[in-house]
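Take a look at the letters that make up each chain.
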Amino acid sequence: MSNILWKSLVVSPAVLGATLLVSSTAIAATNATTEVSTTDTVVPTEVAQQQPAIVAQAAPTTNETQIINQVDRYGNEGRSNAQGQVTSVSQFSDVQPTDWAFQALQSLVERYGCIAGYPNGTYRGNRALTRYEFAAGLNACLDRVNELIATATADLVTKQDLATLQRLQEEFSAELATLRGRVDTLEARTAELEANQFSTTTKLVGEAIFAVTDVFGENTGSANNTVFQNRVRLGLQTSFTGRDVLTTRLSSGNAVGFEFRDNNNNPTGVSGQGLQTFQVDSTGGNTVEIDKLTYEAPIGPAQVYLAAAGGRHSHYAAVNNPYFFDKTDGGNGSLSTFSSENPIYRIGGGAGIAFNIPFGQGGGILRPSSLTVGYLASDANNPGTDAGLFNGDYSALGQLNFSVGDRVALAATYVHGYRGGLNNNLFSNEDDTPLVGTSFANNLPNPSSINAYGLSAAFRPSNNLSISGFVSYIDVVGTGAGDDREAWAYGAGVALPDFGKRGNVLGIFAGAQPYSLGRTSDGNNDVPYQVEGFYKYRVSDNISITPGVIWITNLNQNGNNDDAFIGTLRTTFTF
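About the thresholds
- Residues numbered from 1 in each chain as written.
- Predicted model: local features only at pLDDT ≥ 70, side-chain atom pairs only at ≥ 80, totals over all residues.
- Heavy atoms only, no water.
- UniProt positions renumbered as here; feature names shortened; annotations may be inferred.
- Pairing = 2+ DSSP bridges.
- Helix = DSSP H or I, 4+ residues; strand = E, 2+ residues; numbered from the N terminus.
- Core = buried A, V, L, I, M, F, W, Y, C linked by side-chain atoms within 4.5 Å.
- Buried < 20%, exposed > 50% of the residue type's maximum accessible area, 1.4 Å probe, protein only.
- Contact = heavy atoms within 4.5 Å.
- 1 Å grid on protein atoms, 1.4 Å probe; cavity = no way out; pocket = protein on both sides within 12 Å on 5 of 7 lines; lining within 4 Å.
- Points joined across faces, edges and corners; volume = space filled by probe spheres on them.
- Nonpolar A, V, L, I, M, F, W, Y, C, P; charged D, E, K, R; others polar.
- Patch = residues over 30% accessible without salt bridge, like charges linked within 9 Å, V, L, I, M, F, W, Y side chains within 5 Å.
- Areas by Shrake-Rupley, 256 points an atom, 1.4 Å probe, with all protein chains shown as cover.
- Salt bridge = Lys/Arg side-chain N within 4 Å of Asp/Glu carboxyl O.
- pLDDT = per-residue confidence, 0-100.

The protein goes by Iron uptake porin in an unreviewed UniProt entry, where it is assigned to Anabaena azotica FACHB-119. As stated in UniProt under Sequence similarities (unreviewed entry), the record for the protein gives "Belongs to the OprB family."

Here it is as structure tokens:
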């Protein structure tokens, strides 16, 4: 076959055109296959929103650079210059007798006269060929062949040439017919998809979590049993301009937290210790509710966040905790709410507005910075006493964001809040459920003013190592006797992305749950530490399995209480 093709290339320009056409089809099919196989191994971004841009960009290889430059040159050529006819291959300044295709080009130019060069006397045989140029060249050659046949002025086109061309057409007829059928099928399926699509502006995203979990440790272990829990979130993401997004999310689940017991077998009180992310926003009875209704859009250089329900500070502020934080208590980050994000972002929630405003030009090591401000009211929908958008419980956030190079992100955060009586827990959203911390840090029996200060940082020394951490200080001033207190929280984590397999994550996070010392004389003055380890195994692009262990010491700030160990096997489906 190769001998036939080579002889045909020398003899007939029409054969050249057929050969180029078949070769182009084969190359396109090969590229398509390569793209599919590559996609199967690409890992979706772990931290989909509000994470620092600290991932190093891979430099393109030499071959990639040459291809890009070639495409750029090819895209700018021939926009206004007309091609001129040549009669001798020697007229091409960039064609040498030592070139591998010299004889074939010489035959096409001098024997058939159907090759046109560029006005500057070049042939440019090493660059990409446009479909328009291919069509023009093929048409010129076919016209020249027809002319030679009609005039019969020379023995340039013989019956043998035509027979060879006919054999090639017959040989590749099956492939061409198959390709034509595939194109027709694709067009039909595309038309059906367009006719039955859900919406031109809205797409559905979902997450379902199955979790088997239990807690161990003396009285706490005896008071709880192994449970199989679930949570499902369905979100409609609508874009009207291509740059904005309206999120309407439905949530349902039956997950609840464990009850912790002290050394006297009494409940330690309502707290957020040991709470896992899939237990947040769970309705408890698999009833469905709208747990998030937000709209985000750019206005000039600023990004605006508007929440009508379910607003969180971590929706719009950079959390700086890669691989542990996932889409506000999603199912692909850490197991516990404490390891997921700085507790300062869990002070308040509900309805409100926020802005992310870039400033500074940056230069050298220091990148452009940004200022984030936001306001959320917990009872914005309630017109009653001590409620509403401005007269009820609220929290206002201000944060400065900095990047140092491509691998370090820093943030300094301030939150001012108020609890007026409808919400009695410090680290909670609009439903007043404690999300993290001990009961001594959370409980606010009387109206209180809150001033919280936090620092967070993320450092990625390599593509397979991420280090992050945070610290928070909260000053609470209450109206009742003994309401004033100070609360602290801090933690740090190490994540190893692509550990064992592309898309997997090994994470270890340790720190102190939010605590407040010196509030009682009953011995509740020990720091409650927590250590968590998990390994997220990526089964496919849409399924992951995460086994992990959470170790909690000094339950409810009392060193006399037994330690608690939570073991969890979480399966996350995303679609």
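Now that the structure has been shown, the text picks up again.
1. Overview of the pairing of strand β6 (residues 289-299)
In this sheet, β6 lies alongside strand β5 (residues 245-253) in antiparallel orientation, the contact comprising seven bridges. Within the sheet, the bridge partner assigned to Leu246 lies in β6 and is Tyr295. In this structure, β6 lies alongside strand β7 (residues 302-311), joined through seven bridges in antiparallel fashion. What sits directly across from Pro298, in β7, is Gln303. The antiparallel hairpin formed by β6 and β7 contains two residues in its connecting segment, where Gly300 sits at a positive phi of about 65°.

2. With respect to the nonpolar core
Counting 40 residues, the largest nonpolar core has Phe260, Ile347, Leu426, Phe427, Ile474 and Ile566 as its most contacted members. Of all the secondary-structure elements, those providing two or more residues to this core are β7, β12 (448-462), β13 (465-478), β14 (485-497), β15 (505-515), β17 (543-552) and β18 (564-574). Top contributing element to this core by residue count: β13, with three residues. Ignoring any residue separated from it by four or fewer positions in sequence, one finds Ile474 in contact with Ile347, Leu426, Phe427, Ile450, Asn451, Ala452, Arg485, Glu486 and Ala487. If you look at the next biggest cluster of nonpolar residues, it comprises twelve residues, including Leu108, Val109, Cys141 and Leu148.

3. Overview of empty space enclosed by the protein
Evaluated as defined, the whole model comprises one cavity of 30 Å³ or more. One number sums up the size of the largest cavity: a volume of about 40 Å³. The residue makeup of the lining of the largest cavity, split by class, is two nonpolar, three polar and three charged.

4. Quick notes on a nonpolar patch on the surface
On the surface, Phe198, Leu204, Leu234, Leu236, Leu250, Val288, Ile290 and Phe575 cluster together into a nonpolar patch covering about 770 Å² of accessible area. Among the structural elements, Leu236 can be located in strand β4 (residues 227-238). Overall, Leu236 belongs to the partly exposed group, its relative accessible area being 32%.

5. Some remarks on the confidence of the model for the protein
On average, residues of the protein carry a pLDDT of 82, and 80% of them reach 70 or more. A low-confidence stretch, residues 1-61 stays under pLDDT 50, and its non-local contacts, those more than four residues away or across chains, total 96 contacts. Between residues 74-84, whose pLDDT stays under 50, and residues either more than four places distant or in other chains, the model counts 16 contacts.

6. Observations regarding unusual backbone geometry
Most peptide bonds are trans, and most residues other than glycine sit at a negative phi. Residue Asn265 is not a glycine yet carries a positive backbone phi of 65°. Considering the arrangement of structural elements, one finds Asn265 in the loop between β5 and β6. You will see that Gln557, though not glycine, has its phi angle at about 70°, which is positive. Residue placement: Gln557 occurs in the loop between β17 and β18.

7. So, helix α4 (residues 102-112)
Burial in α4 covers these residues: Phe102, Ala104, Leu105, Ser107, Leu108, Val109 and Tyr112. After α4 finishes, the residue Gly113 shows a positive phi value of roughly 65°.

8. Remarks on the side chain of Ser439
Within the secondary structure, Ser439 is located in helix α11 (residues 439-442). The residues touching Ser439, leaving out its near neighbours within four places in the chain, are Thr268, Gly269, Val270, Ser271 and Asn556.

9. Some points on the environment of Ala441
Here Ala441 lies in helix α11. Taking relative accessible area as the criterion, Ala441 reaches 0% and is therefore assigned buried. In contact with Ala441, other than residues within four places in its own chain, are Leu426, Phe427, Arg485, Pro514, Tyr515, Ser516 and Gln557.

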